[in-house]
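Observations on the three-dimensional arrangement
Each chain is listed here by its residues.
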Amino acid sequence: MGTTTAAQRRQQARVEYDAFIKSCPTNQLLDRISDKWVSLIVSALAEARGAMRYSDLGRKIAGVSPKMLTQTLRSLERDGIVSRTVTPSVPVRVDYELTPLGVNLSLLLTAVKDWAEQHIEEVAEARERYDASTDSA
């Protein structure tokens, strides 16, 4: 096997971390963080500016099932975006908090959530125009 130049190694690294390639880890990470529940959980934890109990997260995020909340929190913990703290008590207290990596991600996801809240009327109007034009065609 021949030696590779620094330029070749840089090129290979770019290929290895190309989010447009399905098998790339960055593609898989984008799939994870683009999930609606991830965005809402991360935004809720950012808004709390500290730890939130599992039950508080469930009440804050309308429509999330306990199963989906648990699965999403586990995946976020695995990815290093949230930390989980269990306090032995009756009943057991489980708190979630953003890690430094999660705080960094929250800046982006909160901005997307805020954008959606600010522009939903424009999107709704665009949808109505589109639907009206395709219905008459």
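Residues numbered from 1 in each chain as written. Predicted model: local features only at pLDDT ≥ 70, side-chain atom pairs only at ≥ 80, totals over all residues. Heavy atoms only, no water.

**Looking at the environment of N27**
Tracing the backbone shows N27 in helix α2 (residues 25–33). Residue N27 is classed as partly exposed on the basis of its relative accessible area of 22%. On a C-alpha basis, the gap between N27 and Y17 in space is 8.4 Å, while along the polypeptide they are 10 residues apart. Those residues in contact with N27 that lie beyond four places of it in its chain are A19, F20, I21 and K22. (Helix = DSSP H or I, 4+ residues; strand = E, 2+ residues; numbered from the N terminus. Buried < 20%, exposed > 50% of the residue type's maximum accessible area, 1.4 Å probe, protein only. Contact = heavy atoms within 4.5 Å.)

**Description of a negative patch on the surface**
On the surface, a cluster of negative charge is contributed by E121, E122, E125, E128, D131 and D135. Relative to the assigned elements, E122 resides in helix α6 (residues 100–135). (Patch = residues over 30% accessible without salt bridge, like charges linked within 9 Å, V, L, I, M, F, W, Y side chains within 5 Å. Areas by Shrake-Rupley, 256 points an atom, 1.4 Å probe, with all protein chains shown as cover. Salt bridge = Lys/Arg side-chain N within 4 Å of Asp/Glu carboxyl O. Lys, Arg positive; Asp, Glu negative; His and termini not counted. Charge placed at Lys NZ, Arg CZ, Asp CG, Glu CD.)

**Observations regarding the environment of Q28**
Topologically, Q28 is positioned in helix α2. Relative accessible area serves as the criterion here: at 46%, Q28 is assigned to the partly exposed category.

**A few points about the sheet that holds strand β3 (residues 93–98)**
If you trace the three strands from one edge of the open sheet to the other, you get β1-β3-β2, paired in antiparallel fashion. Two strands close off the open sheet at either side, each with one partner strand: β1 (52–53) and β2 (82–87). Relative to β3, β2 runs antiparallel, the two being bridged by six bridges. Each bridged residue has a counterpart across the sheet, and for R84 the counterpart in β3 is Y96. (Pairing = 2+ DSSP bridges.)

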